[in-house]
Number of protein chains: 2
Amino acid sequence: MREVAIVAAGMSRFGELWDLSLRDLFATAALEAMEKAGADHIDALYVGNMSAGKFVGQEHLGPLMAEAIGLSGVAAGRVESACASGGLALRAGFAEVASGMSDLVLAAGVEKMTDGADVTEVLATAADQELEAYHGVTFPGLYAMIARAHMQAFGTTEEDLAWVSVKNHRHGALNPKAQFRREIKVEDVLRSALVAEPLRLLHCSPVSDGAAAVLLCPLDQARKYTDRPVKLLASGVATSSMSLAGRADPAFLDAVQRSAERAYKMAGIGPGDVQVAEVHDCFAIAEICCLEALGLVERGKGNQAARSGMTALGGRIPVNTSGGLKSKGHPVGATGIAQAIEIFEQLRDEAGERQVQKARIGLAQNMGGSGASSVTHILGRV
Amino acid sequence: MREVAIVAAGMSRFGELWDLSLRDLFATAALEAMEKAGADHIDALYVGNMSAGKFVGQEHLGPLMAEAIGLSGVAAGRVESACASGGLALRAGFAEVASGMSDLVLAAGVEKMTDGADVTEVLATAADQELEAYHGVTFPGLYAMIARAHMQAFGTTEEDLAWVSVKNHRHGALNPKAQFRREIKVEDVLRSALVAEPLRLLHCSPVSDGAAAVLLCPLDQARKYTDRPVKLLASGVATSSMSLAGRADPAFLDAVQRSAERAYKMAGIGPGDVQVAEVHDCFAIAEICCLEALGLVERGKGNQAARSGMTALGGRIPVNTSGGLKSKGHPVGATGIAQAIEIFEQLRDEAGERQVQKARIGLAQNMGGSGASSVTHILGRV
């Protein structure tokens, strides 16, 4: 297998971007990545996208997006794993380059969520339609059940959940591309409207438009495009029961654990080697459960990680320095690539006020649905 | 790059299958492939699907389908390139095994089209929403324009188009899994209702439910699963302008040509070496244009291929021995895998009454939209 590097990244702002269409968003991110690398061609394009068919009536994003950046003709396709579509696009690009089928591959993600579709109904297609969505449960409802299970098992409180949001907004305030660049307090979270008890508005990530792209090539060709390539050490993909009711323990994200185990094994490291991480905080409880499943904290102790400062900038292992899905925004198909970009920039000392000192190994973990799929990537300084 | 083989295949019937759901269809095909190989596990699953989100309200098919075959936990994801989604799933599986990331990979395709959705509106999402679909054009309309352009350039007639349907129904009558197992005559086609002038009902492939799956592994491990592996010699993916109006010549499928050139180059062969082919005949005119773009006939001569018997069973190069999309059926996400299965069976001498004698190299070409994307695979006897 050929070793693979990320050599450049591009990203649109995340937010309610009324002036940018699906293809505008994609082109913004993709062209930024290509310009930074000085690349005027690519061999293949993988676009992560959850549901442009339902959001804006557009499937078939491979040729559409190739054309949007003036590269009609190139090999291109879309990959989808609900909110983990971006992570899966990175995996597909990784395999494409590692196999030798292509040398220069753009792995991107995009979602246009604010064009008028019923977002709750569209997102519900990431749940089991026959066993869950049809019966009326929505994603805030599913994650509320996960939160209740964690509260009952480990005494987790609404305030513990609030600390995750407070930390991520503190980080996001330092990120120029974040949707919400303002700090919030624990009291703000606890006073915000109930969405699905015990989850309040400020425990939930927003609805967002956005795109992100990274350029991949064989490690031994990386210096053509940058003096600071970052190596893709490993990729792990895993699944679990589609419906929450089908899992042994709703408070434990077994797909996240399996995706991480596969990635750790491929990279030849353990969770103790990870120095900075982006994890999938679509709801505050998700960050807590992901930290536990990734082995970054002990089982049942995830609820203390944000509160104690351990996962804040300056803490033992900063998590979601980008602001996470909560503050940076969550254009679902773009999220997995945006996470990888934050780690890429951290490992290149480009994260500005969010910089984690001397980090050499970082992890990006992207999840679909209520945890039915997970993709974990591990990146390392060269 | 590791050499990759197909070791087993499974396929549901194609048709209006009211008694089988999306996951039932998938499980039928996937379990048949695994049982034939004697495999009780896989390392990864790629599901090709165009639009289950719009057809049946279900995205996130990776974990759903892994669970449907009792393999929840396995790495799984969906790939999409409209009607070329199956072809793209095969490409993704090929890269996954070739890279060394996985050893045993199921590449599958599935579509459930007859569950009540507005099929014409769903399929239109494979066209350019902003430049085409929004303004009311449908796929029969787009292919009617392609047919008109071919008629004007080369004198192609409605009767030439009818011969494609007659040939493919003759082949499909021999295929136990085909949707329409009856022969038709040229007069039947010319007397059938106009859909979009000059295309009549019997020039058009049907709306279908179905699934297909193939099992891939490194060639040097193939004998564990079968005594007759078939080698994946090459994969070529290409795109063109999403909208028909954006192409230099609407009667020439440039993405098909590019995908074939890439595949021929990778396999180290030319079109003259291909002995049996499945090509994307979503409409009769599409088969004619694909034959020309693949280099299997001279430009402008595709209209004589079916009429002359050249592409019929017993002819110089039999095309769509399965019955093609026209007679076998066209569950869009499954089609690309089903095409590969026909070639796989031909190269194993398993095609029964449809067997092409002594074929050693076969080609499967799968197309998305009005030709905005194309995936060509070349398979060879070991």
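Residues numbered from 1 in each chain as written. Chains lettered and ligands numbered in written order. Predicted model: local features only at pLDDT ≥ 70, side-chain atom pairs only at ≥ 80, totals over all residues. Heavy atoms only, no water.

Okay, the overall build of chain A next. When helices and strands are tallied, chain A shows twelve helices and eleven strands. Relative to the globule expectation of 21 Å for 382 residues, the C-alpha radius of gyration of chain A, 19 Å, shows essentially globular dimensions. With respect to the three principal axes, the spread of C-alpha positions in chain A is 55 × 45 × 35 Å. Across the 382 residues in chain A, those meeting the buried criterion constitute 71%. By sequence separation, contacts in chain A at least 24 residues apart represent 77% of the contacts at least 6 residues apart. Only carbon and sulfur atoms are counted for the fraction: they give 49% of the accessible area of chain A, which is about 11,700 Å². Across chain A, the 36 positively charged side chains and the 44 negatively charged ones have centroids separated by 5 Å. (Helix = DSSP H or I, 4+ residues; strand = E, 2+ residues; numbered from the N terminus. Rg over C-alpha atoms; globule rule 2.2 N^0.38 Å. Buried < 20%, exposed > 50% of the residue type's maximum accessible area, 1.4 Å probe, protein only. Contact = heavy atoms within 4.5 Å. Areas by Shrake-Rupley, 256 points an atom, 1.4 Å probe, with all protein chains shown as cover. Lys, Arg positive; Asp, Glu negative; His and termini not counted. Charge placed at Lys NZ, Arg CZ, Asp CG, Glu CD.)

Once that is clear, we can look at the relation of the copies chain B and chain A. In the superposition of chain B on chain A (RMSD 0.0 Å, axial shift 0.0 Å), the rotation amounts to 180 degrees. Expressed as a symmetry operation, the mapping of one chain copy onto the other fits a two-fold axis. In terms of C-alpha distance to the rotation axis, chain B has Ser 99 of chain B as its closest residue, with the C-alpha 1.8 Å off the axis. When the interface residues of chain B are mapped onto chain A, 100% of them again lie at the interface, so the same face is used by both copies. (Least-squares fit on C-alpha atoms with pLDDT ≥ 70 in both.)

As a further point, take the interface of chain B and chain A. Facing 60 residues of chain B, the contacting portion of chain A comprises 61 residues. For the pairing of chain B and chain A, the buried interface totals around 4,400 Å² over both sides, and the portion due to carbon and sulfur atoms is 50%. In this structure, Arg 91 of chain A engages Glu 96 of chain B in a salt bridge whose closest nitrogen and oxygen atoms are separated by 2.5 Å. Residue assignment for the side of chain B that touches chain A shows that the elements contributing at least two residues are α2 (52-56), α3 (61-68), β3 (75-80), α4 (85-99), β8 (230-239) and α9 (254-267) of chain B. In terms of residue count, α4 of chain B provides more of the side of chain B that touches chain A than any other element does, seven residues in total. Residue composition of the side of chain B that touches chain A, by class: 26 nonpolar, 22 polar and twelve charged. (Buried area = accessible area lost by both parts, 1.4 Å probe. Salt bridge = Lys/Arg side-chain N within 4 Å of Asp/Glu carboxyl O. Nonpolar A, V, L, I, M, F, W, Y, C, P; charged D, E, K, R; others polar.)

So, on to helix α4 (residues 85-99) of chain A. Taking 1.5 Å per residue as the helical rise, α4 of chain A with its 15 residues ought to reach 21 Å, and the 21 Å between its terminal C-alpha atoms agrees with that figure. For α4 of chain A, the buried fraction is high: 15 of the 15 residues fall into the buried class. (Expected span 1.5 Å × (residues − 1).)

Now for the packing of aromatic side chains. Taken as a whole and judged by the stated rule, the model has four aromatic pairs over all chains. Through pairs of rings, three or more aromatic residues link up here, namely Phe 139, Tyr 143 and Phe 283 of chain A. (Phe/Tyr/Trp six-rings, centres within 6.5 Å; stacked < 30°, edge-to-face > 60°.)

A few words on the packing of helix α6 (residues 139-154) of chain A against helix α10 (residues 284-293) of chain A. Residue and element names in this part refer to chain A. Viewed as axis vectors pointing N to C, α6 and α10 meet at an angle of 60 degrees, and their least axial separation amounts to 9 Å. Considered as vectors, α6 and α10 are oriented oblique to each other. Between α6 and α10 lies a crossing of left-handed hand. On α10, the residues that touch Tyr 143, Ile 146, Ala 147, His 150 and Phe 154 of α6 are Ile 285, Ala 286, Ile 288, Cys 289 and Glu 292. (Axes fitted to C-alpha atoms, helices over the stretch in contact; angles between N-to-C directions. Parallel < 35°, antiparallel > 145°, perpendicular 65-115°, else oblique. Left-handed = near helix turned anticlockwise from the far one by under 90°.)

Now for the domain arrangement of chain A. All names here are of chain A. We note that the domain assignment places domain 1 (4-117 + 208-224) and domain 2 (119-202 + 230-381) within chain A. Between the C-alpha centres of domain 1 and domain 2 the distance comes to 22 Å. Counting residues at the interface gives 47 residues for domain 1 and 40 residues for domain 2. In total, domain 1 and domain 2 occlude about 3,400 Å² of area from one another, counting both sides; carbon and sulfur atoms represent 71% of this. Of all residues in domain 1, the largest losses of buried area upon contact with domain 2 belong to Ile 6, Phe 14 and Cys 83, amounting jointly to 20% of the total for that side. Linking domain 1 with domain 2 are two salt bridges. In this structure, Glu 32 and Lys 177 form a salt bridge, with 3.3 Å as the shortest nitrogen-oxygen distance. (Domains from an automatic or database assignment.)

Looking now at the pattern of salt bridges. Throughout the structure, instances matching the rule amount to 54 salt bridges over all chains. With a closest N to O distance of 2.9 Å, Arg 2 of chain A and Asp 103 of chain A form a salt bridge. One end of the pair, Arg 2 of chain A, is in the segment before β1 (4-11); the other, Asp 103 of chain A, is in the loop between α4 and β4 (105-112), and 101 residues separate them in sequence. Relative accessible area serves as the criterion here: at 28%, Arg 2 of chain A is assigned to the partly exposed category. On the basis of relative accessibility, which here comes to 29%, the residue Asp 103 of chain A falls in the partly exposed class. Of the charged contacts, one joins Glu 80 of chain A and Arg 78 of chain B as a salt bridge, the two residues approaching to 3.0 Å between their closest N and O atoms.

Residue and element names in this part refer to chain B. Spanning 15 residues, helix α7 (residues 158-172) covers 21 Å between terminal C-alpha atoms, matching the ideal 21 Å at 1.5 Å per step. Of all 15 residues making up α7, eleven are buried, and the element is well covered by its neighbours. Contacts made by the buried residues of α7 are with α6 (139-154), α8 (186-191), β6 (199-200), α10 (284-293) and α11 (324-328).

Turning next to the confidence of the model for chain A. Averaged over all residues, the pLDDT of chain A is 98; the fraction at 70 or higher stands at 100%. Here the predicted complex scores 0.98 on pTM and 0.97 on ipTM. (pLDDT = per-residue confidence, 0-100.)

Moving on, we come to unusual backbone geometry. Outside of glycine, negative phi angles account for most residues, and trans bonds account for most peptide bonds. Residues Glu 197 of chain A and Pro 198 of chain A are joined by a peptide bond in cis, for which omega reads 10 degrees. The phi angle at Asn 320 of chain A is positive, at roughly 60 degrees, despite the residue not being glycine. Following the sequence through the fold, Asn 320 of chain A ends up in the loop between α10 and α11 (324-328). With relative accessibility at 0%, the residue Asn 320 of chain A sits in the buried group. The backbone phi angle of His 60 of chain B is positive, close to 65 degrees, even though this residue is not glycine. Its place among the elements puts His 60 of chain B in the loop between α2 and α3. Residue class for His 60 of chain B comes out buried when judged on its relative accessible area of 0%.

Turning next to the environment of Glu 350 of chain A. Residue and element names in this part refer to chain A. Mapped onto the secondary structure, Glu 350 falls in the loop between α12 (332-347) and β10 (361-368). For the pair formed by Glu 350 and Ser 205, sequence separation is 145 residues and the distance between their alpha carbons is 25 Å. Ignoring any residue separated from it by four or fewer positions in sequence, one finds Glu 350 in contact with Arg 228, Glu 345 and Gln 355. Here the side chain of Glu 350 touches Arg 228 through a polar contact of 3.1 Å, side chain to side chain. For Glu 350, the side chain forms a polar contact with the side chain of Arg 348, separated by 3.0 Å. (Polar contact = N/O pair within 3.5 Å; in protein donor to acceptor, adjacent residues only side chain to side chain.)

Let us look at the pairing of strand β2 (residues 44-48) of chain A. All names here are of chain A. With five of five residues buried, β2 is to be regarded as a mostly interior element. Of the two faces of β2, the one lined by Ala 44, Tyr 46 and Gly 48 and the one lined by Leu 45 and Val 47 are each fully buried. Relative to strand β3 (residues 75-80), β2 runs parallel, the two being bridged by five bridges. Bridge assignment links Gly 48 to a residue of β3, and that residue is Val 79. (Pairing = 2+ DSSP bridges.)

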